[in-house]
Amino acid sequence: MHGTSKFVKNKVIIRIRDRVCETPEELMESDLFAEVVKRYISHLQRRSAPLLEIFGRESSGIGPADVKKLIEVLQVLEKLPLSAVPKLVKDGERFIEDPPLLLDLVEGLYNYWRTFERFIICDSRFGSLDKRPYRTFDATVESLMHLLRQTYRDVEEHITGRHPSIYRQIHAGAELAVIALRKEFRFPEKSFSPLRDIAVIRQLLMYPPLLLNPPMNKRSGRFERISRNPMELAGINAEEWLCYPAKVGSLLILVYVHEKFYELGFSLCNLFELADDDFLDREPDAVYLYGVPGTALNGLASPPTVFYDDPGRHILVGACPNDDAYGYFGYLKKMILTLHNIRIMQQGKMPFHGAMVKITSTAGKIRTVLIIGESGTGKSETLEALRIIGEEKIRQMDIIADDMGSLDTDKDGNVIGCGTETGAFVRLDDLQPGYAFGQLDRSIIMSPGKTNSRILLPVTTYEEVMRGYSVDMVLYANNYERTDEDHPVIERFDTPENALRVFREGTAMSKGTTTSTGLYHSYFANIFGPVQYRKLHEGIAKRYFETLFGKNVYVGQLRTRLGIPGYERKGPEAAARALLEEM
């Protein structure tokens, strides 16, 4: 490879400046190829695998010289048939005595390589690669993928002496690639200087669907405010970090991701739009260090997922350790949204944790609905059920906010809503049948087969998120109460005080998306900013709820029953029908 490569647990990170290998010979002579073969043989030795019989000796006696000899044999087989091996590789006969065994070994090596999460980092400092991204990706990611498949197939054909009858075009190269370059930001003080040497992602390419298995599948705790800037504590090696500059609502948040969590950091592309050059010329609203190595954050809070707010310098700083315990996308997403919510409150706006959608009926009537609630209370599930059940009555549903957003007022005093994310991070278990499969061509799936497995996919555009729509309904997602005559599926509050009481209590039944269990409470269903700034939020909430009632906006609660066993699908479907009747 024309660059460097590094293994970080189950990841292979390839950093290049111009191109990857262009021929099978270059590929098989590269240090990366030799390292992969060496690791594969070590993997087989740990299992005492029968494939090691190819070496003609006990697995304990296989050493570096044997691995090197195997590589020489594979290099010959890329060009020539089996019969050429004894003539060109001394002591090469032992590897071809059992061709089916050799074929299995090659197949195993190919599959072993594909078990790694594979990333290419294109350094644009020396060639302005960001000015020609398509050519850059074509010369790196696409080229490597075709080269690997060609080399694999050439070797197998020379072992078997025949062409395969079925070709499966597997993504054998990198799964994700980025073009990155250095960028000067207007940071307020010297403590931010280590960030200046970290490359900023300008373009990203991915091959969906991606299946990722991060170390954790749920989040716990909340993010605590501390009195010291984490930038003063974190030892940063710029070569181990990349910056994803995210457009989060109206804010610019610079997300610095350590290489241990690259797969999670790059997944942000399905959730937040990558900031363009014009957006990057602004002063950042917040910085997030995701994956601080060592013990720098220990003792600051429990858990040490922390943020620092210095209003005098108008920038927030979040930080999270790079321990496996924090290797879950929720720690990335929710800290970003916490920083967003704090800054939004400081601007006098009201953040919300909920789903907001603009619904256009076949009769042309438009209603904008905001459903506020904790994770697992049925917000997204109800809206998806509404999309299906209301197919004949609803012309279009436009997602404005999937998880977080903010309320503001327009010049006429109407409450308007904006979103933050352009994507959705949704539990697979609670989606309508077939929905996930219909979205596979764009999705990132995390922790498949585990509790709280998730799909991350784009659902709207930044322009739609930020347009601002007048709110017609505000509902609290109640997932824990059964329905009867006194507790209808949808219920309207009669006063701002009654509404505020329910929203303030934030009661919900845990669905296993965090470590909470049973019935619990969270202030305004939003521990991501309002809890930490409760006094500030109380005044804002009171003002907005009084405005909503003053404008005769429908404010109530929606009983989704998602937290009640047996109602995982029936509850949101009934909620969707009740909502449809109110349209």
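Residues numbered from 1 in each chain as written. Predicted model: local features only at pLDDT ≥ 70, side-chain atom pairs only at ≥ 80, totals over all residues. Heavy atoms only, no water.

Things to note about the overall build of the protein chain
Then step 1. Looking only at helices and strands, the protein chain has 15 helices and 27 strands in total.
Then step 2. What you see for the protein chain is a C-alpha radius of gyration of 27 Å, in line with the 25 Å of a compact globule of 583 residues.
Then step 3. When its C-alpha atoms are laid out on the principal axes, the protein chain stretches across 90 × 55 × 40 Å.
Then step 4. Buried residues in the protein chain amount to 58% of all 583 residues. (Helix = DSSP H or I, 4+ residues; strand = E, 2+ residues; numbered from the N terminus. Rg over C-alpha atoms; globule rule 2.2 N^0.38 Å. Buried < 20%, exposed > 50% of the residue type's maximum accessible area, 1.4 Å probe, protein only.)

What about the pattern of salt bridges?
Side chains that carry opposite charge are capable of pairing whenever their charged atoms lie near each other.
Then step 1. This model, assessed by the stated rule, comprises 29 salt bridges.
Then step 2. Put simply, Lys6 and Glu259 hold a salt bridge, and the shortest N to O gap is 2.5 Å. Placement of Lys6 in strand S1 (residues 3-8) and of Glu259 in the loop between strand S9 (251-258) and helix H7 (262-266) is noted, with a sequence separation of 253 residues between them.
Then step 3. Through salt bridges with shared partners, one network takes in Lys333, Lys334, Asp403 and Glu421. (Salt bridge = Lys/Arg side-chain N within 4 Å of Asp/Glu carboxyl O.)

Quick word on the side chain of Lys247
Then step 1. Tracing the chain through its elements places Lys247 in strand S8 (residues 241-248).
Then step 2. In contact with Lys247, other than residues within four places in its own chain, are Phe272, Glu273, Leu274, Ala275, Asp276, Phe279, Thr420 and Tyr462. (Contact = heavy atoms within 4.5 Å.)

Regarding the sheet that holds strand S6 (residues 210-212)
Then step 1. One open sheet holds the four strands; their spatial order is S6-S20-S21-S19, and the pairing between them is mixed. Edge positions in the open sheet fall to S6 and strand S19 (423-427), since each of these has one partner strand only. The mean inter-strand angle of the sheet, taken between neighbouring strand axes irrespective of direction, is 20°.
Then step 2. Two strands pair when backbone bridges link them, and strand S20 (residues 444-446) and strand S21 (residues 454-458) are joined in this way by three bridges, in the antiparallel orientation. Along S21, the bridge assignment pairs Met446 with Arg454. (Pairing = 2+ DSSP bridges. Axes fitted to C-alpha atoms, helices over the stretch in contact; angles between N-to-C directions.)

As for the confidence of the model for the protein chain
Then step 1. Here the protein chain shows a mean pLDDT of 90. Residues at 70 or above account for 94%.
Then step 2. Per-residue pLDDT, averaged within each element of the protein chain, yields its smallest value for helix H11 (residues 435-438) (52) and its largest for S9 (98). (pLDDT = per-residue confidence, 0-100.)

What to know about the nonpolar core
Then step 1. Counting residues in each nonpolar core, the largest one holds 83 residues, and the members touching the most others are Val255 and Phe503.
Then step 2. Examining the composition of this core, we find that nine residues originate from one element, helix H9 (residues 329-346), more than from any other.
Then step 3. Once residues lying within four places of it in the same chain are set aside, the contact partners of Phe503 are Ile372, Val474, Leu475, Tyr476, Phe493, Tyr523, Phe524, Ala525, Phe545, Val555 and Gly556.
Then step 4. Residues Val37, Val73, Leu77 and Val89 belong to the second largest nonpolar core, which totals 60 residues. (Core = buried A, V, L, I, M, F, W, Y, C linked by side-chain atoms within 4.5 Å.)

Describing the packing of helix H2 (residues 31-47) against helix H3 (residues 64-77)
Then step 1. Where H2 meets H3, the closest approach of the two axes is 10 Å, and the angle between their N-to-C directions is 120°. Regarding the angle of H2 to H3, the classification is oblique. Where H2 crosses over H3, the handedness of that crossing is right-handed. In this structure, H2 contributes Phe33, Ala34, Val37, Lys38 and Ile41 to the contact, and H3 contributes Val67, Leu70, Ile71 and Leu74.
Then step 2. In the contact of H2 with H3, the residues fall into eight nonpolar, no polar and one charged. (Parallel < 35°, antiparallel > 145°, perpendicular 65-115°, else oblique. Left-handed = near helix turned anticlockwise from the far one by under 90°. Nonpolar A, V, L, I, M, F, W, Y, C, P; charged D, E, K, R; others polar.)

With respect to the packing of aromatic side chains
Then step 1. All chains considered together, the criterion is met by 23 aromatic pairs.
Then step 2. Look at Tyr262 and Phe266: their rings are 5.1 Å apart centre to centre, the planes differ by 20°, and that puts the pair in the stacked class. Taken together, the residues span about one helical turn, with Tyr262 and Phe266 both in helix H7 at a distance of four residues. Across this residue pair, the class does not change: Tyr262 and Phe266 are buried.
Then step 3. Among the aromatic side chains, those forming a connected cluster through ring pairs are Tyr476, Phe493, Phe503, Tyr523, Phe524 and Phe545.
Then step 4. The positively charged end of Lys247 is found above the aromatic ring belonging to Phe279, 4.9 Å away from the centroid.
Then step 5. The ring of Tyr462 carries Lys247 above its face, with NZ or CZ at 4.1 Å from the centroid. (Phe/Tyr/Trp six-rings, centres within 6.5 Å; stacked < 30°, edge-to-face > 60°. Lys NZ or Arg CZ within 6 Å of the ring centre and 35° of its normal.)

So, unusual backbone geometry
Then step 1. Omega for the peptide link from Pro208 to Pro209 comes to 0°, which places this bond in the cis form.
Then step 2. Within the secondary structure, Pro209 is located in the loop between strand S5 (200-206) and S6.
Then step 3. For the peptide bond that leads from Ser302 to Pro303, omega is 0°, which places it in the cis range.
Then step 4. Structurally, Pro303 is set in the loop between strand S11 (286-292) and strand S12 (306-310).
Then step 5. The residue Phe524 is not glycine, and still its phi comes out positive at about 55°.
Then step 6. In this structure, Phe524 sits in the loop between strand S26 (519-521) and helix H14 (534-550).
Then step 7. A positive phi angle is found at Asn552, which is not glycine, with a value near 60°.

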